[in-house]
Amino acid sequence: MALLDILVYPDTRLRQKAEPVIHFDESLRKLVNDMTETMYDAPGIGLAAVQVNIPLRVVVMDLSEDRSDLRIFINPTFQVIEGTIEFEEGCLSVPGIYASVERAEKILIQAMDIDGNSFELEAEGLLSVCIQHEIDHLDGKVFVDYLSRMKQDRVKKKLKKDIRQAETETV
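Keep in mind that this is a model prediction, so the values were computed, not measured.

(A) Broad picture of the environment of Val101. With respect to the helices, strands and loops of the structure, Val101 is situated in strand 4 (residues 94-112). The class for Val101 is buried, based on a relative accessible area of 2%. As for Val101 and Phe87, which are separated by 14 residues in sequence, their C-alpha atoms are 5.5 Å apart.

Set out below in structure tokens:
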């Protein structure tokens with residue numbers, strides 16, 4: 001397994017639209033393993049392949065405290081079942097930034113597992129929010145897209161400043 005580099009907003013590669021997975025083979029297993037290791041190391045609770053510059057419809061997620069509930073979603077889509085929920089979101093591609101985003105409270109997910117078997121799952125609360133957040137990545141969206149233009153500009157300025165500061169500290 002290997003740690004992958006996570007793209008940081010406003011990197012334009014985060015705007016890639018992911019392609020469906022058509023080959024369920026050893027290279028997909030390696031990608032999922034590398035993404036899982038990267039997500040846990042970051043540390044995070046979800047990671048989309050687009051975030052590591054691989055434009056495939058692959059998501060790994062683990063909302064458990066002890067890393068015991070890894071979920072893998074290949075080619076995920078969802079339908080809103082009901083309600084809305086506002087949740088404070090963060091993102092591995094937008095480090096240190098958190099903002100309240102409105103999402104569907106309850107959704108029905110259709111996806112495939114690592115072997116290409118289709119499944120459905122009803123999700124609500126945090127699981128619903130995380131799945132919608134990661135599917136947004138697969139569609140070229142980042143959670144800051146839901147913020148006002150002024151807040152988006154502040155986020156970009158802060159992250160660019162953080163990058164410049166990190167670069168001067170390593171010199």
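The rest of the description comes next.
(B) Looking closely at helix 1 (residues 26-41). Here helix 1 contains 16 residues, and its C-alpha end-to-end distance of 22 Å stays within 8% of the 22 Å for a straight helix at 1.5 Å per residue. Buried residues of helix 1: Leu28, Leu31, Val32, Asp34, Met35, Thr36, Thr38, Met39 and Tyr40, and no others. Here the buried face of helix 1 lies against strand 1 (46-48), strand 2 (58-61) and strand 3 (71-91).

(C) View of the pattern of salt bridges. Scanning all chains against the criterion turns up 9 salt bridges. Note that Lys30 and Asp34 form a salt bridge whose closest N and O atoms lie 2.6 Å from each other. Of this pair, Lys30 and Asp34 both sit in helix 1, 4 residues apart, which is roughly one turn of that helix. Owing to a relative accessible area of 5%, Asp34 belongs among the buried residues under this scheme.

(D) Here's a closer look at the pairing of strand 4. One ladder, built from 13 bridges, connects strand 3 with strand 4; its direction is antiparallel. Each residue of the ladder has a partner; that of Ile85, found in strand 4, is Arg103. Where strand 3 hands over to strand 4, the hairpin turn is made up of 2 residues, counted between the paired strands. In the sheet, strand 4 pairs with strand 5 (residues 118-124) via 7 bridges, with the strands oriented antiparallel. Among the inter-strand pairings, Met112 is bridged to a residue of strand 5, identified as Ser118.

(E) Summary view of the nonpolar core. Judged by nonpolar contacts, the single largest core of 16 residues is most densely connected at Met61, Phe73, Ile109 and Ile131. Looking at this core, the elements that each hand over two or more residues are strand 2, strand 4 and helix 2 (125-138). Counting residues per element, this core draws most heavily on helix 2, at 5 residues. Beyond its immediate chain neighbours, meaning those up to four positions away, Ile131 contacts Met61, Phe73, Ile107, Ile109 and Ala123.

(F) Quick look at the packing of aromatic side chains. Across all of its chains, the model carries 1 aromatic pair by this definition. Each ring, one from Phe73 and one from Phe119, has its centre 6.0 Å from the other, and the planes form 40°; the classification is tilted. Taken together, the residues span a long stretch of sequence, with Phe73 in strand 3 and Phe119 in strand 5 at a distance of 46 residues. The partly exposed category is assigned to Phe119, whose relative accessible area is 25%.

(G) Representation of the sheet that holds strand 5. Read across the open sheet, the 5 strands follow the order 1-2-3-4-5; overall the sheet is antiparallel. The strands lining the two open edges of the sheet, one partner per strand, are strand 1 and strand 5. Averaged over all pairs of adjacent strands, the angle between their axes in this sheet comes to 45°, without regard to strand direction. Contacting strand 1, strand 2 and strand 3, helix 1 runs over the sheet at an angle of about 40° to strand 2. Here helix 2 sits on the sheet and contacts strand 1, strand 2, strand 3, strand 4 and strand 5; the angle it forms with strand 3, its principal contact strand, is near 120°.

(H) Seen up close, unusual backbone geometry. Cis geometry marks the peptide bond from Tyr9 to Pro10; its omega dihedral reads 15°. Relative to the helices and strands, Pro10 resides in the segment before helix 1. Following Ala42, the chain continues to Pro43 via a peptide bond in cis, the omega torsion being -15°. Note on placement: Pro43 falls in the loop between helix 1 and strand 1. Residue Asn53 is not a glycine yet carries a positive backbone phi of 65°. Along the chain, Asn53 falls in the loop between strand 1 and strand 2.

About the cut-offs
Residues numbered from 1 in each chain as written. Predicted model: local features only at pLDDT ≥ 70, side-chain atom pairs only at ≥ 80, totals over all residues. Heavy atoms only, no water. Helix = DSSP H or I, 4+ residues; strand = E, 2+ residues; numbered from the N terminus. Buried < 20%, exposed > 50% of the residue type's maximum accessible area, 1.4 Å probe, protein only. Expected span 1.5 Å × (residues − 1). Contact = heavy atoms within 4.5 Å. Salt bridge = Lys/Arg side-chain N within 4 Å of Asp/Glu carboxyl O. Pairing = 2+ DSSP bridges. Core = buried A, V, L, I, M, F, W, Y, C linked by side-chain atoms within 4.5 Å. Phe/Tyr/Trp six-rings, centres within 6.5 Å; stacked < 30°, edge-to-face > 60°. Axes fitted to C-alpha atoms, helices over the stretch in contact; angles between N-to-C directions.

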